[in-house]
Structure formats: C-alpha cells, structure tokens
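# Structural features, examined
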Amino acid sequence: MAPAVAASARQSASGRERNFKDKDKPDSVRNSNIVAAKAVADAVRTSLGPRGMDKMIQSGNGDVTITNDGATILNQMSVIHPTAKMLVELSKAQDIEAGDGTTTVVVMAGALLDAAQNLLSKGIHPTTISESFQSAATEAEKILEEMSSPVDLSNDALLNKMATTSLNSKVVSQHSWLLAPMAVTAVKKIINSDNDTNVNLKMIKIIKKMGDTVEESELIEGALIDQKTMGRGAPTRVEKAKIGLIQFQISPPKTDMENQVIITDYAQMDRALKEERQYLLEICKQIKAAGCNVLLIQKSILRDAVNELALHFLAKMKIMCIKDIEREDIEFYSRILGCRPVASLDHFNAEALGYADLVEEIPTGGDGKVIKVTGVQNPGHAVSILLRGSNKLVLEEADRSLHDALCVIRCLVKRKALLPGGGAPEMEIAVKLRNLAQTQHGAKQYCWRAFADALELVPYTLAENAGLSPIHTVTELRNNHANGNSSYGVNVRKGYVTDMVEEDVVQPLLVTASAIKQASECVRSILKIDDIVMAVR
C-alpha cells in the first residue's frame, strides 16, 4: 500500500508544479509576438526601394492618403497587437532620428525576428540570442564606419545626389531634378556650414497650395504667409515695407468675467461707441507713428484679433493688415523678417520693426492667395518653400518626400559621412559578420550567422520589388562583396549588380547606422518578453 501512496503523492506534487509553471506559455507568447510583428513588417516590405509600390490608405472619415513613406503607412494603420505597435514606434523613432529609411528599419526588424524564431526553434535561449544580436549590431556599426567615406558640405553636386537617392523611391521621383537642389539650398541657407551639428527644420516653412504641377514649386528667399490680406481698401502691395509683428489685439477690451452693462438712454450708448472708436484710433495712430506699414497680428482665441472699425482705420492709414498668424510660426517670422514680436502697445516702436523691399499678395489659383515677402534686409537663418500640386494626394506626398530629402541633408550635417546605396552596406556587413562569426564560440556563432543572413533581406527585397530574380541577384552580390567590391549594390534600373558610387546612388551613414541600431534594439526587447499580462482597471 505504501508505495502506491508515495506514487500518488508524487503525482499530485508534479501536477501542482505543472499548474504553477506552464512550460509552453512563454514560447507561445513569444511566437505570437514574433508573428504579429512580422505581419507588420511584411505589409510595408513591398514599398521598399525605387521600384517599391505605394499604399493607398483610407481613414475612418473617408480621407485617402497615397504614400510610400514607411512611417506614414504604419502611423495610419490601426494596429491593435501591442508588439506590432512596437514596430510602429520603431519607424517613428527612425523618422525622428534620421528622417529617411523608415521602411528599411521595419524590414530589418522583421528579418531579425524571423532569424530569432529559427534560433529559438533550435533550442537556443532568448537571452543568448538577444546578447549576440547586440554584439553583432555593435560590430556592424564598426563595419559601416570603415566602409564610409567623408563628405564635404560645400560639395553641392554630391549633396544633390544624396537628396535624389532619397527621392527616387517616392511618387514624385520624376521631379527630383527640382526638389533635390531645393532641399539642399534650403538646408544650406539655415546652417553655418562649418560648426553646426544639427538643423532646425522648423526654420524651413513649407506652404502647400493646390493648382499647377509640382514643377511650379519654388524656393523663396524671404517669407511666405499663408493668409489673405484683410482688404477693406488697404493696399495689397507695399514697397519698402516696415513690418510689425504684434501679439495684442486691436479690438475693444472685454471683461474677464461674464457681465452686463445696462444702458438707459442714447447718450450713454453714444459715449460707449465714442470711447471704443477713440480707443481703437489711439492704437492705430501709435502703430502709424512707429512708421509701420505692414502689420502681422497673432491669432487670438478670446476676442477678435482685429475688428471692422480698426480695419477701416488701418486701411485709411494705408497699412496692410494680416491677421491669424499661428502661435508656433511667430518665432519663424520674427527670425526671417528681423522684427521683434511685441506683446503690448507701449513697446511698439521703430526698433521693433522689420524691413523688406516688397510685400505683395500673390494669387495661387482658385480663391487661394499667399503673401510673399521678398528683399528682407537681414534674412535670419530661415527660408520658405511654396509647393504646388495638381491634387491633394500629390501635394501631400510631395510634402512628405521633400521632408525626407531635407532630413537626408540634415543627417549629413549631423555626421559628415556617406555610404553607397542599393543594399551595398547591408551586404557588406553580412559578408564581414559571417567571417567574424567563425571566431565566436558556441551558440553565439549561430546567432551572428543568423544576424548576417537576416540583413541580406534588404538587397533581396530591392531585387524582388524590381522584378529581378532575387536569389540570383543576391548570390551575385554576395560573390562581389566576398571578392572585396564593397560598394557594389543592386541596380534596379539596369537589372543587375553594379558599383553604386559610379551610379550616384549614395546615402548618409547616419541613416543605415541608426536603422541597424534601432532594429536590433527593438528585436531584443521583443525577445525578452515572455508573457503578456492584462491590467484590468
């Protein structure tokens, strides 16, 4: 009897243990996480590279967006799975850090997750994989540093090539001859080329207007204001303009709280109206006395920025009035026009004004108008770009593409080094890491090899999207890199492997380095998760 009791006790103990520790759960959670994240990566994989396809995204309220930009696609997708959201965050992070390569970073993360899944099925512990990926990514950055070449910011032709490479994969790639030099000029205007390490892109004001084609877009040495003049007989064109920027309102004051003034007869009403008229006239006179003839008024929430009577006075004094300047644009306009924002009437004097040769209202097709300020005396580090497009979709895509091109030039300012494009850096890392993997011990060797194989997905996808035979192309590319041709990449125009530097396909070091770093960090954090706990509020 005794042995049977002992056996049943053992059984119940092991049963308790099994209930306590569910062996399969971490594996299934990890697998479901990897599958969810890979699904997101596969969704944007087809839009990688110059031959990549575009996505049409329809939002809940019926707005349609057509785009090729990885960050935009993922941002608009309503992703529910928490791990898939990590990939959306990943492409946002890349967008902030480098601005370009948002699709690449997601494709890389998907490839690394695939590699990790294979390693997990071999029975390698997730922590081992995670640490090996970390060391492999560090090694990859060193390889990139070695193959990069320094860049001189005064070499415009080279910078144009960079911006063109970035624009090649976009819908507006046929206009890259115009947009690329525009991006380069804009960034160079707002930096001191010798010692700046970052670019404040807020100082490049892009104004989008429907009508005409993208080719009509122009870079303006001066300011563009996306508002109409207030009219009422005021001039719409002012030469030798003295520009004032005010943050107070030209309208009768209101009390802070709700209250009523009871008027019993007309004499009192007249007095109130006279007082209002006098108050406004005083303000207008003081503005005129300072010598101002173009007035920008900040947008006001609580009361009218300027009322009809004040507009009438300003028009009589031949002062051009533009209201509703957005609060976040105040810094831009004060920089570019060289005027000081004035918050109270007492400080409004001649010193606070900016000067420009010409302020005029230009029509932009339809009923849209834009105010253009040219011949600014001391153009601070700021420029404006007027973007045109035949319809809303093209216009918005042009805006996003131009932003990517600006970011590419910004990357060069941050780190002045460049790499060949076309999947060359990824392939070079893959070949070098495979050789280095031989020097590692144990499971680490497998992990490094898997990391190297995963990076080959980028040239593979480039070839696949261009309709080439991916296996043939990648094998040929690997062969070239093994023989020491480190700048060879997939040439999607000619359909075979060529030297990318000769083809003028170049990209900043920061984009690729940041992509590999971010992708491996994201994969590491996904691998470390072994359970999802719902916190019910």
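Residues numbered from 1 in each chain as written. Predicted model: local features only at pLDDT ≥ 70, side-chain atom pairs only at ≥ 80, totals over all residues. Heavy atoms only, no water.

Under an unreviewed UniProt entry, the protein has the name T-complex protein 1 subunit delta and belongs to Caenorhabditis latens. Its UniProt record gives the protein the following Subcellular location (unreviewed entry) comment, quoted word for word: "Cytoplasm". Note on the protein: under the UniProt heading Sequence similarities (unreviewed entry), the record states "Belongs to the TCP-1 chaperonin family." (UniProt positions renumbered as here; feature names shortened; annotations may be inferred.)

So, on to the overall build of the protein. Scanning the protein from N- to C-terminus turns up 17 helices and 17 strands. The C-alpha atoms of the protein give a radius of gyration of 31 Å, which is well past the 24 Å a tight globule of 537 residues would have. Seen through its C-alpha atoms, the protein measures out along the principal axes to roughly 115 × 75 × 40 Å. For the protein, buried positions account for 50% of its 537 residues. Sequence-distant contacts, at least 24 apart, represent 78% of the contacts inside the protein between residues at least 6 apart. Just so you have it, the protein exposes about 26200 Å², and 51% of that area is on carbon and sulfur atoms. Side chains of the protein carry 62 positive and 66 negative charges; the gap between the two charge centres is 3 Å. (Helix = DSSP H or I, 4+ residues; strand = E, 2+ residues; numbered from the N terminus. Rg over C-alpha atoms; globule rule 2.2 N^0.38 Å. Buried < 20%, exposed > 50% of the residue type's maximum accessible area, 1.4 Å probe, protein only. Contact = heavy atoms within 4.5 Å. Areas by Shrake-Rupley, 256 points an atom, 1.4 Å probe, with all protein chains shown as cover. Lys, Arg positive; Asp, Glu negative; His and termini not counted. Charge placed at Lys NZ, Arg CZ, Asp CG, Glu CD.)

As far as domains go, the protein holds domain 1 (24-150 + 420-528) and domain 2 (222-378). Taking the mean C-alpha position of each, domain 1 and domain 2 sit 53 Å from one another. (Domains from an automatic or database assignment.)

A few words on the sheet that holds strand β4 (residues 204-210). Taken in spatial order, the three strands make up an open sheet running β4-β13-β5, and their pairing is mixed. Looking at strand neighbours, the two that pair on one side only are β4 and β5 (218-220), the edges of this open sheet. Between one strand axis and the next, the sheet turns through 25° on average, direction left out of account. Here seven bridges tie β4 to strand β13 (residues 383-389), and the two strands are oriented parallel to one another. The partner of I204 across the bridge, within β13, is V383. Against the sheet, helix α12 (residues 392-414) engages β4 and β13, with an angle of about 165° to β4. (Pairing = 2+ DSSP bridges. Axes fitted to C-alpha atoms, helices over the stretch in contact; angles between N-to-C directions.)

Moving on, we come to the packing of aromatic side chains. Considering all chains together, one arrives at two aromatic pairs under this definition. Ring geometry for F133 against F451: centres 5.5 Å apart, planes inclined by 65°, an arrangement best described as edge-to-face. Separated by 318 residues along the polypeptide, F133 in helix α6 (residues 126-147) and F451 in helix α14 (residues 443-455) bring together distant segments of the chain. Taking the centre distance of 5.3 Å and the plane angle of 70° together, the rings of F332 and Y333 count as edge-to-face. (Phe/Tyr/Trp six-rings, centres within 6.5 Å; stacked < 30°, edge-to-face > 60°.)

On to the pairing of strand β8 (residues 294-298), then. Along β8, five of the five residues are buried, which leaves the element largely enclosed by surrounding structure. Where burial is concerned, the two faces of β8 agree: the one with V294, L296 and Q298 and the one with L295 and I297 are both buried. By the bridge criterion, four bridges tie strand β7 (residues 237-246) to β8 in an arrangement that is parallel. Looking across to β8, one finds that I243 is bridged to V294. With four bridges connecting them, β8 and strand β9 (residues 320-325) associate as parallel partners. Bridging from a neighbouring strand, L296 pairs with I322 of β9. With respect to chirality, the unit in which β8 leads through helix α10 (residues 308-316) into the neighbouring parallel β9 is right-handed. (Right-handed = clockwise from strand over helix to strand, strands pointing away.)

This next bit is on the nonpolar core. In this structure, I204, I243, V294, L296, Y333, L337 and V373 are the most contacted members of the largest nonpolar core, which totals 61 residues. With near-sequence residues (within four places) excluded, I243 lies in contact with V294, L296, L337, C339, A352, L353, G354, A356, V359 and V373. A84, V106, A116 and M147 belong to the second largest nonpolar core, which has 60 residues in total. (Core = buried A, V, L, I, M, F, W, Y, C linked by side-chain atoms within 4.5 Å.)

Let us look at unusual backbone geometry. Excluding glycine, residues mostly have negative phi values, and the peptide bonds linking residues are mostly trans. Positive phi, close to 45°, is recorded for K240, a residue that is not glycine. In this fold, K240 is placed in strand β7. Unusually for a residue other than glycine, D324 sits at a positive phi of about 60°. Looking at the element boundaries, D324 is found in strand β9. On the accessibility criterion, D324 (24% relative accessible area) is partly exposed.

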